[in-house]
Amino acid sequence: MRLTLVAGARPNFMKIAPIIHALDQAKAKGQKIYHQLVHTGQHYDDALSTYFFEDLGIPPPDRNLAAGSGTQSQQTASIMIAFEQYLLENPCDAVLVVGDVNSTLACSLVAKKLLIDVIHVEAGIRSGDRTMPEEINRIATDAISDYFFTTTAEADENLIRQGIDKARIFLVGNTMIDSLLMTREHWLRPHLLESIKGDPGYVVLTLHRPSNVDDRRILNAILDRINFSIPDLPIIFPVHPRTRKNMVGMKVHPNILLAEPMRYLEFMYLINGSRAVITDSGGIQEETTFLHKPCITLRNTTERPETVVLGTNELIGENLDKLEVVLKRMVNGEWKSGSIPALWDGKTSERIVKKLGQIYL
Ligand code: UD1
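Residues numbered from 1 in each chain as written. Predicted model: local features only at pLDDT ≥ 70, side-chain atom pairs only at ≥ 80, totals over all residues. Heavy atoms only, no water.

Examining the sheet that holds strand β12 (residues 295-297)
The strand order across the open sheet built from six strands is β10-β9-β8-β11-β12-β13, with neighbouring strands paired in parallel fashion. Here the strands that pair on one side only, and so sit at the sheet edges, are β10 (256-259) and β13 (313-315). The mean angle between the axes of side-by-side strands here comes to 20°, regardless of whether they run parallel or antiparallel. Sheet strands touched by helix α9 (residues 216-229): β8 (203-206), β9 (235-238), β10 and β11 (276-279). Its angle to β9, the strand with the most contacts, is close to 155°. Contacts from helix α11 (residues 264-272) reach β8, β9 and β11, with the element oriented near 130° to β8. (Pairing = 2+ DSSP bridges. Helix = DSSP H or I, 4+ residues; strand = E, 2+ residues; numbered from the N terminus. Axes fitted to C-alpha atoms, helices over the stretch in contact; angles between N-to-C directions. Contact = heavy atoms within 4.5 Å.)

This is the structure:
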């Protein structure tokens, strides 16, 4: 079997890495699955891409399509044009995509129109919020995929409701957690922590959703309110490039420690040692649930409801008064410790590769 794996943006790398390692192991045992890795180049900075390859032990991609940034459509279209050329030159039996970024949708569309199977890992999750490009990417990718690997039973139900044949859906767990467990012994203490005097602990903040960062007044109000609510706790804020662009000239309280986006091994150390995380990311909701860390999500909806129902996540939307209330509650230690969803056990990639063998060999 010839399999083409696609990765394009930061949250893809921790999902694809353990699948590559599991494929290598299967091949070493004699399974005839041959894979190629294509990096679309959606993310191209060292901080969002190169360091993740190093930290997660991902070999250099067989091809980098260097699609780069642009509007939603420009980026999706550039990836499609380059990936079509790649697949015409390098035919395969199936294309495996992960997650919900523009690269996921772009490569699925190209593969399917070339009559190549599409395998979607992290299929079926839904926020119900169609203003998010990721939700459109999820719905459209799942509409044309052939095989669906899911993280939760709820994702299975979403797919079945969409008319997908049950026999093509496989509940396998979460490959992000495979990466977390695979690297745990190697997490690195970020230098930035040296600047925190005494032992008050710290809170981690990440923001990159357009609804939180594209309007400077909204971004400023969020930062102000966090600082006002927990003035005694340092806030470590690794700033995504999209957010950084909108912060030029913005005065930020010294209690908020700005940092470059962190490499994976440092970021995992950071959240594991934190008092809590405030975020609008998807993946961090899962990582904090796994690590039993309070997670305050600045979004109205989540495609990962299990992190709220079972885990440590609370959605607070855009309501800054609510943010203040939950931050004070967190400081007082009043937070659920949560439990870990089934099959988030570090063996998801093995299950995926085993199933691929059953399907294709
Ligand atoms: C993308 C994903 C999002 C994911 C996020 C994680 C989509 C629709 N969104 O959003 O799901 O959570 O990545 O980071 O695919 N930029 C750089 N360097 C880079 C890459 C981007 O400076 O290496 C800048 C670009 O110029 C652009 C901005 O960051 O202005 C946003 O990049 P883009 O890939 O379009 O989307 P993200 O907001 O990163």
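Some points on the packing of helix α7 (residues 175-183) against helix α12 (residues 283-291)
The N-to-C vectors of α7 and α12 enclose an angle of 55°; their axes lie 10 Å apart at closest approach. Judged by the angle between their axes, α7 and α12 are oblique. Seen along the crossing, α7 lies across α12 with a hand that is right-handed. Mapping the contact onto sequence places M176, I177, L180 and L181 in α7 and G283, E286, E287, F290 and L291 in α12. Taken together, the residues of the contact of α7 with α12 sort by class into six nonpolar, one polar and two charged. (Parallel < 35°, antiparallel > 145°, perpendicular 65-115°, else oblique. Left-handed = near helix turned anticlockwise from the far one by under 90°. Nonpolar A, V, L, I, M, F, W, Y, C, P; charged D, E, K, R; others polar.)

Quick word on the site of the ligand
Inspection of the region around the ligand gives 20 residues, with Q42, Y44, N102, E134 and K245 positioned closest. At 2.9 Å, a backbone N or O of D45 approaches an oxygen atom of the ligand. Protein contacts shield 89% of the accessible area of the ligand, which totals 750 Å² for the unbound molecule. Looking at the shell around the ligand, the elements that each hand over two or more residues are α1 (10-28), α3 (72-89), α5 (133-144) and α10 (241-245). The leading source of residues in the shell around the ligand is α10, at three residues. Along the lines of polarity and charge, the residues of the shell around the ligand split into six nonpolar, eight polar and six charged. (Near = heavy atom within 4 Å. Polar contact = N/O pair within 3.5 Å; in protein donor to acceptor, adjacent residues only side chain to side chain. Areas by Shrake-Rupley, 256 points an atom, 1.4 Å probe, with all protein chains shown as cover.)

Concerning α12
In terms of burial, α12 is a largely internal element, nine of the nine residues being buried. Among the residues of α12, those classed as buried are G283, I284, Q285, E286, E287, T288, T289, F290 and L291. Backbone geometry just downstream of α12 places H292 in the positive-phi region, at approximately 60°. (Buried < 20%, exposed > 50% of the residue type's maximum accessible area, 1.4 Å probe, protein only.)

Details of the pairing of β8
In β8, alternate side chains face the same way, and those of V203 and L205 on one face and V204 and T206 on the other are all buried. Sheet topology places β8 next to β9; two bridges connect them, and they run parallel. Of the residues in β9, the one forming a bridge with V203 is I235.

Remarks on the packing of α7 against α11
As a packed pair, α7 and α11 sit with axes 11 Å apart at the nearest point and diverge in direction by 90°. Comparing the axis directions of α7 and α11 gives the class roughly perpendicular. Across the interface between the two elements, M176, S179, L180 and T183 of α7 pack against Y264, L265 and M268 of α11.

A closer look at the environment of R216
Position of R216 relative to the elements: it lies in helix α9. Accessibility expressed as a relative area gives 37% for R216, which makes it partly exposed. Linking R216 and E260, residues 44 residues apart in sequence, is a C-alpha distance of 19 Å. Setting aside residues up to four positions removed in sequence, R216 forms contacts with N246, M247, V248, G249 and M250. At a separation of 3.1 Å, a polar atom in the side chain of R216 contacts the main-chain carbonyl oxygen of N246.

Observations concerning the environment of L361
Structurally, L361 can be placed in the segment after α15 (348-360). Measuring from C-alpha to C-alpha, the distance between L361 and Q31 comes to 8.4 Å, with 330 residues separating the pair along the chain.

Some details on unusual backbone geometry
Both trends apply: most residues other than glycine have a negative phi, and most peptide bonds are in trans. One non-glycine residue, L115, adopts positive backbone phi at about 65°. Note on placement: L115 falls in the loop between α4 (102-113) and β5 (117-121). Of note in the backbone geometry, H292 takes a positive phi value of approximately 60° without being a glycine. Turning to its location among the elements, H292 is positioned in the loop between α12 and β12.

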